[in-house]
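Listed below, chain by chain, are the residues.
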Amino acid sequence: MLVADLASTFHYLFVANGLYTFALCAGAAAVYLLLPRPNPYPALWGAVSSGLSLVLLGWQMVRPGSLAPEPILFYSFSVLAILGGGFLITQRNPARAALAFALVVLSSCGLFLLLAAPFLMAATIIIYAGAIIVTFLFVLMLAQQEGPSDADQRSREPLLATIAGFALLGVLLFTLSENFGTDNLRSLLDRIQAAQAKETAEEMARALGDSDREEQLFFDGFEKTIRAGGRSSEIQNLAGEVFNVRLRWNPAKQARDIEKMRTALAEFEAIALQTAALFGQLEPRGHWPLSHFSGPASNQTRDAFRRENGVPRMPAENTAYLGRSLFTDYLLAIELSGTLLLVAMIGAIAIAYRRPGRAP
Amino acid sequence: MTPVPLLHYLTVGAILFALGLIGFLARRNMILMFLSAEMMLQGVGVNLVAFARFRGNLQGQAFTLFIVTVAACEAAIALALILILYRTKRSLDVSLWQELREPGQDPTVDEEPLPPEPKEVPSPTLTPSGVEPLQPKETSHV
């Protein structure tokens, strides 16, 4: 039992997802090599390693053929953010590290804008840019040490820190891809669409699998992939629907009736598309009257709000709607956070105040 | 046109979070540790806004706004604390505070010596000039 578990883990890590594992290891090596130490490794090794890791991760995740503006902007902003984060933790010069942090903030603000959150983008730029300037001044004021210093030229346990960080990242990516990964579903969808494009009934009957056994495997995989999408009743119903449509597909296939086969394939496609839209969704529970001020309540099914490609509509006046949400659903929280700001300001003044006649 | 899947936004958030964690654990400059913590908050913010987009409501954006508020408070307090710690030890190195460790733990000792200070290159100066040549007095020819 233990051996079988170990073997399947090994297979998952190094055979099925070998490139992901390799990309993570290359990233860990890059961070380890680049972290500051008194006798640094050549910077070229770290640069090559980090480039390799980014290229491998991109190779795995980016789907070719999508040259729309949104994916291009998304991938450039995310690469900038990741590179900025790498510079932030590996720079010896604290002033440069603060500038790298500004890069991280600006590119994640670009991601906010792509995610239909313009107010949040502006607020983050203003607040973080202000904080950055203050921090930057502190760095310049305080860290005017001549020559190399312990604080900047050494790392605390670089190997253990890198292993901890990348182990966490690996676990996070594993969990995310189990819950939100739609790659399997997409390859199944591609096969269904390829079958729809066939001209003759004979070809279409063979498109999902040459023999009956292969077709059985295809449908088993289809159902399993749908069921992996979550425990919500909508998804489980969709998985059952596959069986119902097969009851129509099989006789049509036997009779080589191309029109009925087309209809069944279209139904399979609709099931796959609906599943992709629902992937990772929580079970909507009960019908309590929850607040609608922040968009559809969490116990509503969101079919009414979804467009055909699976992303819901958002209101165009982001600021007005965010304000309505903050001053209805989150009224108490916003009052408390105002109080928190006041308390933090008083606390900061009280801590940093230099009392006359006392040591620091 | 297919939109960018939710998984990719979540991946970017996870990578920012992990890099911030490494920075917080490995760096010894207190200001850089603080910046790494802020980068972890940015990763969480990207996550929440992506969920808000893909679920079609504003709850994630409202949460991120509160995160930004708390981060501003944190920046104020953290900079005040860093200031007072710097005044005590005259350095931003967090390892100087290792007397606060648990009893029974060995202190960390830096064995490798720091690299030698780079020699200051003298800034170029002009060679001293000689005696200023006499100018002929300006006369009018009117």
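Residues numbered from 1 in each chain as written. Chains lettered and ligands numbered in written order. Predicted model: local features only at pLDDT ≥ 70, side-chain atom pairs only at ≥ 80, totals over all residues.

1. Remarks on the overall build of chain A
Alright, step 1. Looking only at helices and strands, chain A features 15 helices and zero strands.
Alright, step 2. The contacts in chain A between residues at least 6 apart in sequence include a share of 60% that link residues at least 24 apart. (Helix = DSSP H or I, 4+ residues; strand = E, 2+ residues; numbered from the N terminus. Contact = placed C-beta atoms within 7 Å.)

2. Re the overall build of chain B
Alright, step 1. Of regular secondary structure, chain B possesses three helices and zero strands.
Alright, step 2. Listed N to C, the secondary structure of chain B is α-α-α in terms of helices and strands.
Alright, step 3. Against the 2.2 N^0.38 benchmark of 14 Å for 142 residues, chain B shows a C-alpha radius of gyration of 29 Å, more extended than a compact globule.
Alright, step 4. C-alpha atoms of chain B, sized along the principal axes, occupy 90 × 60 × 30 Å.
Alright, step 5. For chain B, buried positions account for 46% of its 142 residues.
Alright, step 6. Relative to all contacts within chain B whose residues are 6 or more apart in sequence, the contacts with residues 24 or more apart total 48%. (Rg over C-alpha atoms; globule rule 2.2 N^0.38 Å. Buried ≥ 20, exposed ≤ 12 C-beta atoms within 10 Å, placed from the backbone.)

3. Observations regarding the nonpolar core
Alright, step 1. With 84 residues, the main nonpolar core has Phe101(A), Leu16(B), Ala18(B), Leu35(B), Val49(B) and Ala50(B) as its most contacted residues.
Alright, step 2. Among the nonpolar cores identified, the runner-up in size contains 20 residues, and Met204(A), Ile226(A), Leu238(A) and Ala264(A) belong to it. (Core = buried A, V, L, I, M, F, W, Y, C linked by C-beta atoms within 7 Å.)

4. Some remarks on the confidence of the model for chain B
All names here are of chain B.
Alright, step 1. Looking at chain B, the pLDDT average stands at 87 and 98% of residues meet or exceed 70.
Alright, step 2. The element-level mean pLDDT for chain B is lowest in helix 3 (residues 59-89), coming to 90, with helix 1 (residues 6-26) highest at 94.
Alright, step 3. Reported confidence for the predicted complex is 0.82 by ipTM and 0.83 by pTM. (pLDDT = per-residue confidence, 0-100.)

5. A few points about helix 1 (residues 2-16) of chain A
Alright, step 1. For helix 1 of chain A, built from 15 residues, the straight-helix expectation of 21 Å at 1.5 Å per residue is met to within 8% by its first-to-last C-alpha distance of 20 Å.
Alright, step 2. Within helix 1 of chain A, only zero of the 15 residues are buried, leaving the element largely exposed. (Expected span 1.5 Å × (residues − 1).)

6. Observations concerning the interface of chain A and chain B
Alright, step 1. Taken residue by residue, the interface counts 91 residues in chain A and 74 residues in chain B.
Alright, step 2. Counting only elements with at least two residues in the side of chain A that touches chain B, the list comes to helix 4 (69-90), helix 5 (94-114), helix 6 (118-142), helix 7 (150-153), helix 8 (158-180), helix 14 (318-326) and helix 15 (331-352) of chain A.
Alright, step 3. For the side of chain A that touches chain B, the element with the highest residue contribution is helix 8 of chain A, accounting for 13 residues.
Alright, step 4. For the side of chain A that touches chain B, the per-class residue count stands at 61 nonpolar, 22 polar and eight charged. (Nonpolar A, V, L, I, M, F, W, Y, C, P; charged D, E, K, R; others polar.)

7. Brief notes about the domain arrangement of chain A
Alright, step 1. The domain architecture assigned to chain A consists of domain 1 (2-180) and domain 2 (183-278).
Alright, step 2. For domain 1 of chain A and domain 2 of chain A, the distance between their C-alpha centroids amounts to 40 Å. (Domains from an automatic or database assignment.)

8. Focus on the environment of Met314(A)
Alright, step 1. Relative to the assigned elements, Met314(A) resides in the loop between helix 13 (258-278) and helix 14.
Alright, step 2. Distance in space between the C-alpha atoms of Met314(A) and Ala116(A) is 7.5 Å, their sequence separation being 198 residues.
Alright, step 3. When near neighbours in sequence (up to four residues on either side) are disregarded, Met314(A) contacts Ala116(A), Arg53(B) and Gly56(B).

9. Some thoughts on the packing of helix 2 (residues 18-34) of chain A against helix 3 (residues 43-61) of chain A
Residues and elements named next belong to chain A.
Alright, step 1. Packing of helix 2 against helix 3 leaves a shortest axis separation of 8 Å and a crossing angle of 155°. Between helix 2 and helix 3, the angle is such that the two are roughly antiparallel. You can see that helix 2 and helix 3 cross each other, and the crossing is left-handed. Only Ala43, Trp45, Gly46, Ser49, Ser50, Leu52, Ser53, Leu56, Leu57 and Gln60 of helix 3 make contact with helix 2, whose side of the interface consists of Leu19, Tyr20, Phe22, Ala23, Ala26, Gly27, Ala29, Ala30, Leu33 and Leu34. (Axes fitted to C-alpha atoms, helices over the stretch in contact; angles between N-to-C directions. Parallel < 35°, antiparallel > 145°, perpendicular 65-115°, else oblique. Left-handed = near helix turned anticlockwise from the far one by under 90°.)

10. A few points about the environment of Pro296(A)
Alright, step 1. Within the secondary structure layout, Pro296(A) lies in the loop between helix 13 and helix 14.
Alright, step 2. With 134 residues separating them along the chain, Pro296(A) and Thr162(A) place their C-alpha atoms 41 Å apart.

11. Observations regarding helix 4 of chain A
Alright, step 1. Given a rise of 1.5 Å per residue, 22 residues ought to cover 32 Å, and the 32 Å separating the end C-alpha atoms of helix 4 of chain A matches this to within 8%.
Alright, step 2. Buried positions along helix 4 of chain A lie against helix 2, helix 3 and helix 5 of chain A together with helix 1 and helix 2 (30-55) of chain B.

12. Re unusual backbone geometry
Alright, step 1. Within the chain, Glu157(A) stands out as a residue other than glycine whose phi angle is a positive 50°.
Alright, step 2. Backbone geometry places Arg90(B), a non-glycine residue, at a positive phi of 60°.
Alright, step 3. Structurally, the position occupied by Arg90(B) is in the segment after helix 3.
Alright, step 4. Arg90(B) sits in the exposed class, given 11 other C-beta atoms within 10 Å.

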